[in-house]
Amino acid sequence: MLKSKSFDENKPNMTTLLSTQQLPIIDLAHMGTEEIPVKSVVNRVANQLHKAMSERGLAVLVNHGIPEEKLNTAWKYLDTFCELPADIKDVYLRKRDGVNHGYVKPGQEKFDGKKKELRHAFNICMLSGASLPEDPLPGFRDHIADLTKDFRNLSSLLLQALAVALGK
């Protein structure tokens, strides 16, 4: 969560960039999921993306079309993966061969070059039979492959809108 300077954990009503409307919200509803989405909606999203990226550098995308249940299932798979024994997780460790794919265990990366990261991560940059843990997590590979298609479609739509925003 992005927190403003007035954030206080003891206050029930915390102030965030989102709650103070300092974070742009871009509604992708009606953009369509076809390869050629509705032109007027692409133009609206293009203008909003351009403004958000120029003024804030980030935005919240809503109504993107990826079902919440599908995202929650992916998080559950990843949480379950993090609970597996270290010897099983180590099979899927990210290699240092220039490919940013695989499991990143706590302490493997450094946040500022000095402090070790305390988080688990599973970077998914490619889909192949051996690249995703299927044996310890039955169904994970198929679920992520399906979710990846959704993210590709969404990224294609966003790239179209960014191209329009840049006059390309």
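If you're wondering where the values come from, they're calculated on a predicted model, not measured in any experiment.

**Some remarks on the environment of Val 164**
Piece 1. With respect to the secondary-structure elements, Val 164 resides in helix H4 (residues 140–165).
Piece 2. Placed 114 residues apart in sequence, Val 164 and His 50 show a C-alpha to C-alpha distance of 9.4 Å.
Piece 3. Aside from chain neighbours lying at most four places away, what touches Val 164 is Val 42, Asn 43 and Ala 46.

**A short note on the nonpolar core**
Piece 1. Counting 26 residues, the largest nonpolar core has Leu 28, Met 31, Val 45, Phe 81 and Ala 161 as its most contacted members.
Piece 2. In terms of residue count, the dominant contributor to this core is H4 (seven residues).
Piece 3. When residues of this core are assigned to domains, at least three map to each of domain 1 (25–66 + 154–166) and domain 2 (69–149).
Piece 4. Those residues in contact with Ala 161 that lie beyond four places of it in its chain are Met 31, Val 42, Val 45, Ala 46 and Leu 49.

**Quick notes on the pattern of salt bridges**
Piece 1. A full pass over the atoms with the stated rule returns six salt bridges.
Piece 2. As a salt-bridge pair, Lys 51 and Glu 55 come within 3.7 Å of each other at their nearest N and O atoms. Taken together, the positions of Lys 51 and Glu 55, both in helix H1 (residues 39–55) and four residues apart, correspond to about one turn of that helix.
Piece 3. For Glu 55, a relative accessible area of 56% corresponds to the exposed category.
Piece 4. A salt bridge links Lys 70 to Asp 150; the nearest nitrogen and oxygen atoms lie 2.6 Å apart. Taken together, the residues Lys 70 in helix H2 (residues 68–82) and Asp 150 in helix H4 connect sequence positions 80 residues apart.
Piece 5. Given the relative accessible area of 19%, Asp 150 is considered buried.

About the thresholds
Residues numbered from 1 in each chain as written. Predicted model: local features only at pLDDT ≥ 70, side-chain atom pairs only at ≥ 80, totals over all residues. Heavy atoms only, no water. Helix = DSSP H or I, 4+ residues; strand = E, 2+ residues; numbered from the N terminus. Contact = heavy atoms within 4.5 Å. Core = buried A, V, L, I, M, F, W, Y, C linked by side-chain atoms within 4.5 Å. Buried < 20%, exposed > 50% of the residue type's maximum accessible area, 1.4 Å probe, protein only. Domains from an automatic or database assignment. Salt bridge = Lys/Arg side-chain N within 4 Å of Asp/Glu carboxyl O.

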